[in-house]
Amino acid sequence: MEIKIIGDRIYLKEINETDAIKLHEYSKEPELNEFSGPYKASESIERALEYIKNSKKNILERKSYIFGIYEKRTDELVGTIGFFDLDDENKSGEIGFWVAKNYWNKGYMTEAIKIMTNYIFKELRYHRIFAHFHELNKAVERVLSKAGYEKEGELKEAIKSKDGKYYNDIIYGIVNQF
Ligand SMILES: CC(C)(COP(=O)(O)OP(=O)(O)OC[C@H]1O[C@@H](n2cnc3c(N)ncnc32)[C@H](O)[C@@H]1OP(=O)(O)O)[C@@H](O)C(=O)NCCC(=O)NCCS
């Protein structure tokens, strides 16, 4: 049965082949690529379709959970959120996310992270979730704090930027209190 995680203004569910064009369009937004490059996954329609196929397969095999973020009002795909690099022994994994520029600062990602975190703890029964990001990516720091994550540390100069300079990689995390 398809997983659907429902929030107030958005919901999360598996991305589908019909989302390939949108994913490819969003992958071209320079703002999304400023601090990270996972959007290469959709640099062509073919690659977007491949990405969607793999995402579905990985959910079925419980290897990773990449969901689309959909606006309730319009049913439009506005971004993605995922839980991956799962360490099954320690019940820990990484969360990663983006939302298209047109939808920034509406509180959508705060809501997406909150409902995803709840799902990971309550349904997937994991114990710890972490995220890491470029030290200049202040919006990520803010959105994770708003969703209840705390700073765990930073890896000194672990990210080599396109400008050739090195930046710190900041780690935020949350543990299951239930
Ligand atoms: C980070 C991101 C996911 C936030 O999504 P969003 O839906 O806009 O998040 P929200 O609206 O829930 O919250 C954003 C918060 O960040 C704040 N913010 C935005 N830009 C900021 C900046 N440059 N500096 C500091 N705070 C900033 C907003 O003011 C808001 O906080 P507030 O509610 O206290 O005003 C989105 O900007 C994004 O997709 N960025 C590009 C991709 C990316 O970097 N992904 C993460 C890779 S690790």
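Located above this text is the structure these notes cover.
The notes below deal with the structure included here.

Rules of the game
- Residues numbered from 1 in each chain as written.
- Predicted model: local features only at pLDDT ≥ 70, side-chain atom pairs only at ≥ 80, totals over all residues.
- Axes fitted to C-alpha atoms, helices over the stretch in contact; angles between N-to-C directions.
- Helix = DSSP H or I, 4+ residues; strand = E, 2+ residues; numbered from the N terminus.
- Parallel < 35°, antiparallel > 145°, perpendicular 65-115°, else oblique.
- Left-handed = near helix turned anticlockwise from the far one by under 90°.
- Contact = placed C-beta atoms within 7 Å.
- Nonpolar A, V, L, I, M, F, W, Y, C, P; charged D, E, K, R; others polar.
- Buried ≥ 20, exposed ≤ 12 C-beta atoms within 10 Å, placed from the backbone.
- Near = placed C-beta within 6 Å.

So, on to the packing of helix α3 (residues 108-122) against helix α4 (residues 138-146). Remark: α3 packs on α4, axes separated minimally by 9 Å, with the N-to-C direction vectors making an angle of 50°. Accordingly, the angle class assigned to the pair α3 and α4 is oblique. Considering only the axes of α3 and α4, their crossing is right-handed. Side by side, α3 and α4 meet where M109, T110 and I113 of the first sit next to V143, L144 and K146 of the second. Counted by class, the contact of α3 with α4 contains four nonpolar, one polar and one charged residues.

A few words now on the environment of E150. Tracing the chain through its elements places E150 in strand β7 (residues 150-160). Judged by local crowding, E150 falls into the exposed class, with 10 C-beta atoms found within 10 Å. Distance in space between the C-alpha atoms of E150 and V175 is 9.7 Å, their sequence separation being 25 residues. If near-sequence neighbours (up to four positions away) are discounted, E150 is found in contact with Y172, G173 and I174.

What follows covers the site of the ligand. Near the ligand you find 21 residues, and of these M109, T110, K138, A139 and R142 are the closest. Those elements that provide at least two residues to the shell around the ligand are β5 (92-99), α3 and α4. Taken together, the residues of the shell around the ligand sort by class into twelve nonpolar, six polar and three charged.

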